[in-house]
Amino acid sequence: MSTDSRGVVSQFDFEELANQLMEQGLEASPADLHGCLSGLLASGASHEAEAGIDGLVQALDLDLHGELAEQVMALYVATAQCLDNDEYDFYPLLLDDSADIVSRTSALAGWCRSFLAGYTQGSTGAGRQLNVLPGDSSEILRDLAAIAEADLEELAEDEEAEKSYAELTEYIRFAALNAYADNALLRQEENQDSA
């Protein structure tokens, strides 16, 4: 368990997941995993734990096993629950504030890239076309693509960079919630049409 910068206790520890990824010889970060899982869910993928593992294999070419696979399945289910409730308690899994701004911004950019990969995989798997997205999802995906291209060389350890990072983190949090809500509404409409 760890406590994030908002004082929220999480059962998923970034460093522990990072160590497990290294032990399995994988270069992905926990932010990449969570971004992809969040993108899968936002696209309308099944909430079943195995769907998260399958999505990671397809979207990021990550083959997880053992305790790490179990942790990631639990993370997927927990993420689905956070996206699905009305409390807005979904938060991206990122480095805590003790890490330097360049590392945190790099993880944030990786989260966004992986969200896009997961969203694309989930949409493709559901037979949806990415050029016809529900609600604000097109704009959200464009914004996440821009954040994914963050220029790390221009970053300085200052108050302005910290403020920008906090704003971007909050933006991606609500972007994921909104993309999830857009697709939930679309699925509801599709179910009504087929009934």
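Just so it is clear, the model here is predicted, and its values are computed rather than measured. (Residues numbered from 1 in each chain as written. Predicted model: local features only at pLDDT ≥ 70, side-chain atom pairs only at ≥ 80, totals over all residues. Heavy atoms only, no water.)

**Things to note about the layout of surface pockets**
To be explicit about the condition: With a 1 Å grid laid over protein atoms only, a set of points is called a cavity when a 1.4 Å probe fits there but cannot get out and a pocket when it is open yet has protein on both sides within 12 Å along at least five of seven lines; lining residues have an atom within 4 Å of a point. Grid points are joined across faces, edges and corners, and a volume is the space filled by probe spheres set on the points. What counts as a helix is a DSSP run of H or I of at least four residues, what counts as a strand is a run of E of at least two, and both are numbered from the N terminus. The classification used treats Ala, Val, Leu, Ile, Met, Phe, Trp, Tyr, Cys and Pro as nonpolar, Asp, Glu, Lys and Arg as charged, and all other residues, Gly among them, as polar.
The computed volume of the second largest pocket comes to approximately 210 Å³. Leu-83, Asp-84, Asn-85, Asp-86, Tyr-88, Phe-174, Leu-177, Asn-178, Tyr-180, Ala-181 and Ala-184 together form the lining of the second largest pocket. For the lining of the second largest pocket, the elements supplying multiple residues, two or more each, are helix H4 (66-84) and helix H7 (159-194). For the lining of the second largest pocket, the leading source of residues is H7, giving 6 residues. Split by residue class, the lining of the second largest pocket holds 7 nonpolar, 2 polar and 2 charged.

**A few points about the nonpolar core**
The condition is simple: Put simply, buried Ala, Val, Leu, Ile, Met, Phe, Trp, Tyr and Cys residues joined by side-chain atoms within 4.5 Å make one nonpolar core. Each residue is placed in one exposure class: buried if its accessible area under a 1.4 Å probe, protein chains only, is under 20% of its type's maximum, exposed if it is over 50%, and partly exposed if it falls in between.
Leu-56, Leu-64, Val-72, Trp-111, Phe-115 and Leu-144 are the most contacted members of the largest nonpolar core, which has 51 residues in total. Of all elements in the fold, only helix H1 (14-23), helix H2 (30-42), helix H3 (49-60), H4, helix H5 (101-125), helix H6 (137-148) and H7 reach the threshold of two or more residues within this core. The leading source of residues in this core is H7, at 8 residues.

**Considering the pattern of salt bridges**
A side chain with one charge may pair with a side chain of the opposite charge, provided their charged atoms come close. What counts, and what does not: A side-chain nitrogen of Lys or Arg and a carboxyl oxygen of Asp or Glu constitute a salt bridge if their distance falls within 4 Å.
Applying the stated criterion across every chain yields a total of 3 salt bridges. Glu-162 is paired through a salt bridge with Arg-104; the nearest N and O atoms lie 2.5 Å apart. Taken together, the positions of Glu-162 in helix H7 and Arg-104 in helix H5 put the pair 58 residues apart, joining distant regions of the chain. One connected set of salt bridges, linked through shared partners, spans Asp-97, Arg-104 and Glu-162.

**So, unusual backbone geometry**
A positive phi angle is found at Asp-61, which is not glycine, with a value near 55°. Summarising the element assignment, Asp-61 is placed in the loop between H3 and H4. For Tyr-88, which is not glycine, the phi dihedral falls at a positive 55°. One can find Tyr-88 in the loop between H4 and H5.

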